[in-house]
Each structure stands twice: as C-alpha cells, then as structure tokens.
Amino acid sequence: MTTSTSGSRIPAVLVLEDGRTFRGRAYGAVGATFGEAVFSTGMTGYQETLTDPSYHRQVVVMTAPHIGNTGVNDEDPESARIWVSGYVVRDPARVPSNWRSRRSLDEELRKQGVVGISGVDTRALTRHLRERGAMRVGIFSGHALPDEGVMLAEVRQAPEMKGADLSAEVATKETYVVPAIGEKKFTVAAIDLGIKGMTPHRMAERGIEVHVLPATATAEDVYAVAPDGVFFSNGPGDPSTADHPVAVMREVLSRKTPLFGICFGNQILGRALGFGTYKLKYGHRGINQPVQDRSTGKVEITAHNHGFAVDAPLEGATDTPYGRVEVSHVCLNDNVVEGLQLLDQPAFSVQYHPEAAAGPHDAAYLFDRFVSLMEGQRA
C-alpha cells in the first residue's frame, strides 16, 4: 500500500521482527512495505543495487551515511524497474549534483512506489543486524500509523526468505537476444534467474551472442539455440527451492558444454554437484568484499549480493558424478565459498558479481575465462 506524496516531513517507523524499532521520516513513497532487512556496504552504485533483481523482497539498509548525491540517470539501471521492497538511508541528498542526473533518488522511489525511511541511525541498525542476523522488517509511514503492536504483528506475518522460490518472479517471460558487439564468435544460452543487464553486455563485448532464456527454460530450450556455452545468472530466493534449474544444469554438465554461473548460478552448480546450501547470518552485500582466487593467490575486491552460500569442503578436490571439483575462490572475511571449479570438464562459477557496473572490475577476467573454455571446446 503506497501513495506518491513527497515524504520529507512525514513520520515513518521501521520495525524489526525482534521488536527493535527505529523512527525517522518517509523517503520515497509513503505507505507500508515488508521484506528481509539486509545491509549493503557500498558507498557508490546505489542505482545498480536498487535495480538488481536479486534484491527482490529485501529491504536494503545503506551503511554509507549520505545517499542520493548523484541522483538517478537513465543509463545505469540493471533492469527495467527497482526491485528492492524498501530502502533505508541516514542522510538523503537534498539536491542531486551530477551532470548525468535526470531526477532525484527520492523522486524515482516515489515514481516506482518504493517505500523508504530516512533519518535512521543506520550504523546502529547495521550493528543490530550483524549481531542478530538478517530478519523480517516493515517500514510504515504517514500520519495514520498503527500502534507498534499492530506493526510488529504485521511484520511477523510476512513471508521469510528461507524457503522462498523467487527467480521466476523476476526473470524474463520471453526469450530475447543480445547481439555480439563486433564479430560474432560464440553463442551462449543464458538462463535468467534474475539477470542484471550488464551481464549479457559483458559477454557481447567479447563477441558472444547471448540468448537470454526464462527461468522455466528446459534443457531442450537451451540446446535449441545451439550454444557454445551455457550461463546461469544471479537471482533472488533460497537455492534449496531451485529444483528445475538444478535439473537443467545437470543435463548441461552431462553433455560437457562449457558452463559459467554467477551468484545464484554458483549455488545451482553446488546443488547440481551434490553439495548443500545454507543461509548466511547476514550475508554479503556491497562492492568492497575481498575474495581470493586460489588459482593465482590474487586478492580481488568484488561486488556481492547473496544471503545463501554453498556448503563445500574448502580444501582438496571432491569427487562428484561429473568429475572432481574444488573451491576456487574464498571470501577473506569469513571463509565462505565464493567459487567452484570442475577439474575434469569445462565448468566453473563464482558467488560474486564480476559484471559490476559501478565497479569494482577486478573480476572481469572471468568472462575471458569463459571465452577460453569455449575456445578450448571448439578446438
């Protein structure tokens, strides 16, 4: 329930499912919204965050205190709409000041009906989520706010992220093609589980024609485009519910087609190989997460957005029905699995986002690695 009234002076309340309450002012649309409370540590790139389909049904808390200074432009969105359920900031910019800006962030949130709150101590809120873990939350704004008992009851009735099957809700309904830039070298079938616009663009830059298929695509749909490689995208929800994409990936692995997965795609690969997945306490979100590529020892600063992870042994190779696999990348903050590499066939995945539009670009080489796998298979 939202209205499009400007919210700069309208009272708002944020209520967590454990009863912790924060008061502030409405930011964006006025009304009520619910989701999972998570925090993002990025200081820039909020347009990428807002329009990333992986944030579907999540209320994002920005740890950077000042948000909205560069406004909103029409070039940087990662999809056709904002996907976050709600937005929490401390000090919103009063006036955008960037030559590319077309409108303010507050205006864009109101236009798209996204309920937010400002004037909140986001440092205290983030510390609370780090200690207690990600949890359900509601944002309520307007002069007819219900009492706190009613708000808390509504928050606790909202669906949890654990067990949520969401990829089909954000994926394309129809196949579309992103043509190669310059000479076409390869064809890739990309399963859209919540794909960001920059991902097929990064492949197109490398001479790949990308056929983006719905999350419901079958193995027959995949091979109908005669792909040189298959890609599984990022996306929202609990990977334990993604039985259909897992079945499709197992068919791809059986045919030994070059395969690359990002984020949700990494979790799908983990499940396809026989590993489990689990929910992280508060997840990784932001553009400053340190990851080590174990094949080179290099530490990369990477963009993340995930609340689930693959449960795989960090040391040594593991035998699977598709050959040996090892953990290729690890998060240096908490040793979470950040990548998988098959040793006996051309397939790999990473948990983070090498296509990061606002940066960093340390991991862009992974698209070149995918190209090398397809070149090797063709040879």
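Taking an unreviewed UniProt entry as the reference, the protein chain is identified by name as Carbamoyl phosphate synthase small chain belonging to Streptomyces thioluteus. Note on the protein chain: under the UniProt heading Sequence similarities (unreviewed entry), the record states "Belongs to the CarA family."

Turning next to the overall build of the protein chain. The helix and strand tally for the protein chain stands at ten helices and 21 strands. Taking 2.2 N^0.38 as the reference for a compact globule, 379 residues should give roughly 21 Å; the C-alpha atoms of the protein chain span a radius of gyration of 21 Å, in line with that estimate. When the backbone C-alpha atoms are referred to their principal axes, the protein chain occupies close to 65 × 40 × 35 Å. Residue burial in the protein chain is summarised as follows: out of 379 residues, 59% are buried. Here the contacts in the protein chain between residues at least 6 apart in sequence split such that 74% fall between residues at least 24 apart. With an accessible surface of roughly 15,200 Å², the protein chain has 48% of that area assigned to carbon and sulfur atoms. Here the protein chain contributes 38 positively and 45 negatively charged side chains, and the mean placements of these two sets differ by 5 Å.

Right, let's talk about helix α10 (residues 365-378) for a bit. Taking 1.5 Å as the rise per residue, α10 with 14 residues should run 20 Å; its terminal C-alpha atoms sit 20 Å apart, in good agreement. Every buried residue of α10 is listed here: Leu366, Phe367, Phe370, Val371 and Met374. Projected down its long axis, α10 carries its buried residues within an arc of 155°, all on one side. If you follow the buried residues of α10, they end up packed against β12 (186-191), α6 (198-204), β13 (208-213), β14 (229-232), β15 (259-262) and β21 (347-350).

On the surface, Arg123, Arg127, Arg130 and Lys281 cluster together into a positively charged patch. Considering each element in turn, the positive patch owes the most residues, three residues, to helix α3 (residues 122-132). Here Arg127 lies in helix α3. Relative accessible area serves as the criterion here: at 48%, Arg127 is assigned to the partly exposed category.

What counts and how
- Residues numbered from 1 in each chain as written.
- Predicted model: local features only at pLDDT ≥ 70, side-chain atom pairs only at ≥ 80, totals over all residues.
- Heavy atoms only, no water.
- UniProt positions renumbered as here; feature names shortened; annotations may be inferred.
- Helix = DSSP H or I, 4+ residues; strand = E, 2+ residues; numbered from the N terminus.
- Rg over C-alpha atoms; globule rule 2.2 N^0.38 Å.
- Buried < 20%, exposed > 50% of the residue type's maximum accessible area, 1.4 Å probe, protein only.
- Contact = heavy atoms within 4.5 Å.
- Areas by Shrake-Rupley, 256 points an atom, 1.4 Å probe, with all protein chains shown as cover.
- Lys, Arg positive; Asp, Glu negative; His and termini not counted.
- Charge placed at Lys NZ, Arg CZ, Asp CG, Glu CD.
- Expected span 1.5 Å × (residues − 1).
- Arc of directions from axis to C-beta.
- Patch = residues over 30% accessible without salt bridge, like charges linked within 9 Å, V, L, I, M, F, W, Y side chains within 5 Å.
- Salt bridge = Lys/Arg side-chain N within 4 Å of Asp/Glu carboxyl O.

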